[in-house]
Amino acid sequence: MVDSQNTPARQRPSIVSISSYLLYLFLACQVISLIITLSTIGKTRDALRDAYAGSTVENADQVVDVFVAFGVGAGVVLLLLAIVLGVLALFNNQGRNGARITTWIVGGIMVCCVGGGLVSNAAGGFTGGQASGDGPSGEEVQRRLEEALPSWVTPVSLLLNAVSLIALIAALILLALPKANEFFRKPTAAWEPPTPGASYPGQPQGSGQPGYPQSTGEPGYPSSGEPSYPPPPATNRPDDTPPADRPGSTPPSTS
């Protein structure tokens, strides 16, 4: 018999808690990165317009707007996915294996995105696409951006991307360790043998057997002997003669 009340409670291992903290750190880094992007969006647009001002690129303003919109959109998407990872971290702490699998999927996508951005920023090059005409080179655009933006923007952005990538990779690895597998495995209920004399639900607590009367006599029959009937009427037999001392009719004479 399996007793659900005796199912042992699962204790969350420390590696699962650390993994959740790392996912929260990743979320915080993405929030800071988006704040930096939005706070410097005006200077970034001006630097790009200055870089394309002396070129013969057609629709230079539209090209600049596309670059700016792409940067902001990428930051928003990364933040949304980071929020998803933060919510999944809450379910991971509860031992839900489906949340762990989803964390691996979303986290793998984020590793590719953040890793690619980190490599691009570390290279220090800005790939300026040219639709047609003589447009500025990537080095020229990057130089204009460094002149327009504060000096701390690039180092801080690189640091945030590096911390985000390391935290995310470490969180995904911790969720795959053997102790985490035991925590996310479906628990089995503990079985206890029945205790002699113990009562179970539905069983009466009385000493007698259930469903039987407690009286001693057989049911449906009287406890005394045979039923009484009225006595038969009295009749005089031929030899019943009244005694002499009792008044009665005089017998006939025999002489």
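Given the structure is predicted, the values throughout are model-derived calculations rather than measurements.

### Quick word on the side chain of Asn92
Note that Asn92 resides in helix α3 (residues 60-93). Not counting the four nearest positions on each side in its chain, Asn92 is found in contact with Val16, Ser20, Leu23, Ala99, Arg100, Thr103, Leu175, Phe183 and Phe184.

### Thoughts on the packing of aromatic side chains
Under the counting rule described, the total for this entry stands at one aromatic pair. Aromatic side chains Phe183 and Phe184 sit 5.3 Å apart centroid to centroid with 75° between the ring planes, which places their arrangement in the edge-to-face category.

### Looking at the environment of Ala47
If you trace the backbone, Ala47 turns up in helix α2 (residues 41-53). When the C-alpha positions of Ala47 and Gln142 are compared, they lie 9.1 Å apart, and in sequence the two are 95 residues distant. In contact with Ala47, other than residues within four places in its own chain, are Arg144, Leu145 and Ala148.

### Focus: the confidence of the model for the chain
When the pLDDT values of the chain are averaged, the result is 77; 63% of them are 70 or greater. By mean pLDDT, the top-scoring element of the chain is helix α1 (residues 14-39) (95), and the lowest-scoring one is helix α5 (residues 138-148) (80). Note on residues 1-5: pLDDT is under 50 here. Beyond four places in sequence and across chains, it has six contacts. Overall, residues 128-132 carries pLDDT values under 50, and its contacts beyond four positions in sequence, including any with other chains, amount to twelve contacts.

### Considering the nonpolar core
Within the largest apolar cluster, 28 residues are counted, with the highest numbers of intra-cluster contacts made by Val16, Leu23, Phe26, Leu85, Met110, Leu168 and Phe184. Those elements that provide at least two residues to this core are α1, α3, α4 (97-123), α6 (153-174) and α7 (178-184). Per-element accounting of this core gives the leading share, seven residues, to α1. Those residues in contact with Leu85 that sit more than four places away from it in its chain are Leu23, Phe26, Thr103, Val106, Gly107, Met110 and Leu168.

### Looking at the pattern of salt bridges
Side chains carrying opposite charge are able to pair once their charged atoms draw close together. Tallied over the entire structure, the rule returns two salt bridges. Two residues, Arg49 and Asp65, come together in a salt bridge whose shortest N-O distance is 3.8 Å. Pair noted here: Arg49 is in helix α2 and Asp65 is in helix α3, with a separation of 16 residues, a long-range link. Using a relative accessible area of 36% as the deciding quantity, one classes Arg49 as partly exposed. We note a salt bridge from Arg143 to Glu147, for which the minimum N-O separation is 2.7 Å. Separated by four residues within a single helix, Arg143 and Glu147 lie in helix α5, roughly one turn from each other. Look at Arg143 and you get partly exposed, because its relative accessible area is 36%. Judged by its relative accessible area of 55%, Glu147 falls in the exposed class.

### Focus: the packing of α1 against α6
Two elements in contact, α1 and α6, have axes separated by 8 Å at closest approach and are oriented at 155°. By the angle between their axes, α1 is roughly antiparallel relative to α6. Handedness of the α1/α6 crossing: left-handed. Residues Ile15, Ile18, Ser19, Leu22, Leu23, Leu25, Phe26, Cys29, Gln30, Ile32, Ser33 and Ile36 of α1 form the contact with α6, whose own contacting residues are Val153, Val156, Ser157, Leu160, Val163, Ser164, Ala167, Leu168, Ala170, Ala171 and Leu174.

### Thoughts on the packing of α2 against α5
Their axes nearest at 9 Å, the elements α2 and α5 cross at an angle of 140°. Considering the angle they form, α2 stands oblique to α5. Handedness of the α2/α5 crossing: right-handed. Contacts from Lys43, Thr44, Ala47, Leu48, Asp50 and Ala51 in α2 reach Val141, Arg144, Leu145 and Ala148 in α5. Split into classes, the residues belonging to the contact of α2 with α5 amount to six nonpolar, one polar and three charged.

Scoring rules and cut-offs
- Residues numbered from 1 in each chain as written.
- Predicted model: local features only at pLDDT ≥ 70, side-chain atom pairs only at ≥ 80, totals over all residues.
- Heavy atoms only, no water.
- Helix = DSSP H or I, 4+ residues; strand = E, 2+ residues; numbered from the N terminus.
- Contact = heavy atoms within 4.5 Å.
- Phe/Tyr/Trp six-rings, centres within 6.5 Å; stacked < 30°, edge-to-face > 60°.
- pLDDT = per-residue confidence, 0-100.
- Core = buried A, V, L, I, M, F, W, Y, C linked by side-chain atoms within 4.5 Å.
- Buried < 20%, exposed > 50% of the residue type's maximum accessible area, 1.4 Å probe, protein only.
- Salt bridge = Lys/Arg side-chain N within 4 Å of Asp/Glu carboxyl O.
- Axes fitted to C-alpha atoms, helices over the stretch in contact; angles between N-to-C directions.
- Parallel < 35°, antiparallel > 145°, perpendicular 65-115°, else oblique.
- Left-handed = near helix turned anticlockwise from the far one by under 90°.
- Nonpolar A, V, L, I, M, F, W, Y, C, P; charged D, E, K, R; others polar.

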